[in-house]
Amino acid sequence: MQGSSLLPGLCFLLSFFGAVIPKIKASCNCPPNASCVNNSHCTCNSGYISRSGQTLFTFPLETCNDINECEPPYSVYCGSNAACHNVAGSFHCHCVPGYRLQSGEERFSNSSENTCQDTNSSKTTQGKKEVSAG
Ligand SMILES: *[C@@H]1O[C@H](CO)[C@@H](O)[C@H](O)[C@H]1NC(C)=O
């Protein structure tokens, strides 16, 4: 009785593992916000940094954390009358309240794209009031 009930289970297990094992290829296993560079190494996606600081890693328990570009050591400078806003994997600049981009867009990427101007004086100055760049 024992043997007759054990055998089908054993056959099942063997076929189960036989079916599963070949599917476990030597593929790299990367944490969230990371990608494989080859079949064993991962690297954090842009905008993320590994906890260990390593660019390439194999350890599956490594984590990739969002880089806060708005804080040191990055401290992205968005220019006058603007602020940096960190988001997952990226950041953007926006004008501070009371100011807006000439284009009317809400976001820009860096200080060179900064056209933030006073919403009250924008009609009179027409962008002539250039703030010294940098
Ligand atoms: C994967 O890339 C890393 C870093 O370039 C390298 O050290 C490693 O040998 C590579 N592994 C394979 C299997 O190619």
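No experiment lies behind these values; they were computed from the predicted model shown. (Residues numbered from 1 in each chain as written. Predicted model: local features only at pLDDT ≥ 70, side-chain atom pairs only at ≥ 80, totals over all residues. Heavy atoms only, no water.)

> Which parts of the structure should I look at to understand the site of the ligand?
In the vicinity of the ligand, the residues found are Asn38, Asn39, Ser40, His41 and Leu56. Within the side chain of Asn38, one N or O atom sits 2.3 Å away from an oxygen atom of the ligand. Here a nitrogen atom of the ligand and a side-chain polar atom of Ser40 are 3.3 Å apart. If the ligand stood free it would expose 360 Å²; the protein chains cover 42% of that surface. Here the shell around the ligand is composed, by residue class, of one nonpolar, four polar and no charged. (Near = heavy atom within 4 Å. Polar contact = N/O pair within 3.5 Å; in protein donor to acceptor, adjacent residues only side chain to side chain. Areas by Shrake-Rupley, 256 points an atom, 1.4 Å probe, with all protein chains shown as cover. Nonpolar A, V, L, I, M, F, W, Y, C, P; charged D, E, K, R; others polar.)

> Teacher, can you tell me more about the sheet that holds strand β2 (residues 42-44) here?
Strand pairs in the sheet, formed through backbone hydrogen bonds, run parallel or antiparallel to each other. The three strands are arranged β1-β2-β4 in an open sheet whose pairing can be described as antiparallel. Across the chains shown, the open sheet's two edge strands, defined by having one partner strand only, are β1 (34-36) and β4 (56-57). In terms of strand pairing, β2 meets β4 through two bridges, oriented antiparallel. Looking at β4, one finds that Cys42 is bridged to Phe57. (Pairing = 2+ DSSP bridges. Helix = DSSP H or I, 4+ residues; strand = E, 2+ residues; numbered from the N terminus.)

That is the geometry; function is a separate question.
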